[in-house]
Amino acid sequence: MVNFIKDMVQKKLKQISAQELIHYGKQYGFSLTQQEAEMIMAYLKQHPVDPFDAEGRKQMFQQLARITDPATAKKAQKLFNELIHSYGLGYLFE
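Numbers given for residues are sequential positions, taken from 1 along each chain in its written order. Predicted model: local features are reported for residues with pLDDT of at least 70 only, side-chain atom pairs are reported and counted for 80 or more only, and whole-chain, interface and lining totals are derived from all residues. Think of the side-chain values as coming from all heavy atoms in the structure, minus any hydrogens and water.

Novice: How should I be thinking about the packing of helix α4 (residues 54-67) against helix α5 (residues 70-86) in this particular structure?
Specialist: Between two packed helices, the angle of one axis relative to the other and the distance separating the axes together describe the packing. Comment: axis = line fitted to C-alpha atoms, over the contacting stretch for helices; angle = value between 0 and 180 degrees taken between N-to-C directions. The helix count covers DSSP runs of H or I at least four residues long, the strand count covers runs of E at least two residues long, and both are numbered beginning at the N terminus. The geometry of α4 relative to α5 is characterised by a closest axis approach of 7 Å and an angle of 145 degrees between their N-to-C directions. In this structure, α4 crosses over α5, and the sense of that crossing is right-handed. Contacts between α4 and α5 involve R57, F61, L64 and A65 from the first element and P70, A73, A76, Q77 and F80 from the second. Residues are grouped as follows: Ala, Val, Leu, Ile, Met, Phe, Trp, Tyr, Cys and Pro are nonpolar; Asp, Glu, Lys and Arg are charged; all remaining types, including Gly, are polar. In terms of residue class, the contact of α4 with α5 is made up of seven nonpolar, one polar and one charged. Take the far helix as the reference: if the near one is turned anticlockwise from it by less than a right angle, the crossing is left-handed, and if turned clockwise, right-handed. Contacts: residue pairs with any heavy atoms within 4.5 Å of one another.

Novice: Before we go on, may I ask you to explain α4 in this structure?
Specialist: Structural remark: α-helix, 3.6 residues per turn; residues separated by three or four positions point the same way. Helix length check: α4 (14 residues) gives 20 Å between terminal C-alpha atoms against 20 Å at 1.5 Å per residue, within 8%. Note on exposure labels: buried denotes an accessible area under 20% of the residue type's maximum, exposed denotes more than 50%, and partly exposed covers the range between, all computed with a 1.4 Å probe on protein chains only. All of the buried residues in α4 are G56, R57, M60, F61, L64 and I67. What you see down the axis of α4 is that its buried residues fit within an arc of 125 degrees, all on one side. Buried residues belonging to α4 abut α3 (34-46) and α5. To estimate the expected span of a helix, count its residues, drop one, and scale the result by 1.5 Å. The arc refers to the directions leading from the helix axis to the C-beta atoms.

Novice: Looking at this structure, I do not really get a nonpolar patch on the surface. What am I missing?
Specialist: Patch building starts from residues that exceed 30% relative accessible area and form no salt bridge, then joins like charges within 9 Å and nonpolar side chains (Val, Leu, Ile, Met, Phe, Trp, Tyr) within 5 Å. Accessible surface is estimated by sampling points in the Shrake-Rupley manner with a 1.4 Å probe; for residues, cover comes only from the protein chains shown. Take a side-chain nitrogen of Lys or Arg and a carboxyl oxygen of Asp or Glu: if they are within 4 Å of each other, that pair is a salt bridge. Among the surface-exposed residues, M1, F4 and M8 lie close enough to one another that they form a single nonpolar patch of about 400 Å² accessible area. Note on placement: F4 falls in helix α1 (residues 2-15).

Novice: Which parts of the structure should I look at to understand the pattern of salt bridges?
Specialist: Note on pairing: side chains with opposite charge can pair once their charged atoms come close. In total, this model carries two salt bridges according to the counting rule given. For E20, the salt bridge goes to K12, with nearest N and O atoms at 2.7 Å. The partly exposed category is assigned to E20, whose relative accessible area is 24%. For K12, a relative accessible area of 36% gives the class partly exposed. Two residues, K78 and E82, come together in a salt bridge whose shortest N-O distance is 3.9 Å. Here the residue K78 and the residue E82 both occupy positions in helix α5, the gap between them amounting to four residues, near one helical turn.

The structure is reproduced here in structure tokens:
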């Protein structure tokens, strides 16, 4: 089951659209421009991102800070952590 969840998350990261990123940003309290969303989407499609690995998450959020700004990256990281714990998936991200 763990591998199934990990595969689903990684697949979603590779398939997310710019519009979805903008929508989630609005929904969770941070804004992205169309250009930022497209750059994030391109990064996720072109680079193997492993959010289940601490180093992979670090690189992902560092790149997000480069594309957007450090404050947006921190908000996204905080949201990410809140979501994993609210769904009881913290054990997958240790």
